[in-house]
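# Summary of the model geometry
Next come the chains, spelled out residue by residue.
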Amino acid sequence: MLMPRLTAEKKREMIKDLQQFFWDERGEEIGELAAEVCFDFIKDRFGPVFYNAAIRDAREIAEQRMQTLEEDLYALEKR
């Protein structure tokens, strides 16, 4: 599955967020390399789960809208 690409700036920001998380939640200071390894693990292991859930949600919304559109079109038919 193709995951959306992140800009280098966004990835750095997220890695810094991970470093801050480790400090806030665990009192551990981790380096940039350790945070990047953690980031890559989370992205590769859990990213597809969230991505697929978002796709399912989008599909459900699209199906609901198509059903509404179909009902609206039937209502416009002349009798």
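Residues numbered from 1 in each chain as written. Predicted model: local features only at pLDDT ≥ 70, side-chain atom pairs only at ≥ 80, totals over all residues. Heavy atoms only, no water.

A word on the overall build of the protein. For the protein, the helix and strand inventory stands at two helices and zero strands. A compact globule built from 79 residues would reach a C-alpha radius of gyration of about 12 Å, whereas the protein, at 21 Å, exceeds it by more than 25%. Principal-axis analysis of the C-alpha atoms gives the protein an extent of 70 × 25 × 20 Å. In the protein, once contacts between residues fewer than 6 apart in sequence are set aside, the share between residues at least 24 apart is 48%. Here the protein carries 13 positive and 18 negative side-chain charges, and the mean point of each set is 4 Å from the other. (Helix = DSSP H or I, 4+ residues; strand = E, 2+ residues; numbered from the N terminus. Rg over C-alpha atoms; globule rule 2.2 N^0.38 Å. Contact = heavy atoms within 4.5 Å. Lys, Arg positive; Asp, Glu negative; His and termini not counted. Charge placed at Lys NZ, Arg CZ, Asp CG, Glu CD.)

So, about the packing of aromatic side chains. Counted under the stated rule, the structure contains two aromatic pairs. Judged by centre distance (6.0 Å) and plane angle (90 degrees), the ring pair of F21 and F22 falls under edge-to-face. With centroids separated by 5.8 Å and ring planes inclined at 90 degrees, the aromatic side chains of F41 and F46 adopt a geometry described as edge-to-face. For F46, a relative accessible area of 38% gives the class partly exposed. (Phe/Tyr/Trp six-rings, centres within 6.5 Å; stacked < 30°, edge-to-face > 60°. Buried < 20%, exposed > 50% of the residue type's maximum accessible area, 1.4 Å probe, protein only.)

This part is about the nonpolar core. Counting six residues, the largest nonpolar core consists of I15, L18, F22, I30, A35 and F39. Counting residues per element, the ones that place at least two in this core are α1 (8–26) and α2 (32–76). In terms of residue count, α1 provides more of this core than any other element does, three residues in total. (Core = buried A, V, L, I, M, F, W, Y, C linked by side-chain atoms within 4.5 Å.)

Bringing a nonpolar patch on the surface into the picture now. A contiguous nonpolar surface patch, about 410 Å² in accessible area, is contributed by F41, I42, F46 and F50. Relative to the assigned elements, I42 resides in helix α2. (Patch = residues over 30% accessible without salt bridge, like charges linked within 9 Å, V, L, I, M, F, W, Y side chains within 5 Å. Areas by Shrake-Rupley, 256 points an atom, 1.4 Å probe, with all protein chains shown as cover. Salt bridge = Lys/Arg side-chain N within 4 Å of Asp/Glu carboxyl O.)

On inspection of all chains with the given rule, the structure shows five salt bridges. One salt bridge in this structure joins K11 and D40, with 3.7 Å as the shortest N-O distance. Residue K11 is found in helix α1, and its partner D40 is found in helix α2; the two are separated by 29 residues along the sequence. A salt bridge links K43 to D44; the nearest nitrogen and oxygen atoms lie 2.9 Å apart. Its relative accessible area of 34% is what places K43 among the partly exposed residues. A single network of salt bridges, built from pairs that share partners, joins K11, E36 and D40.

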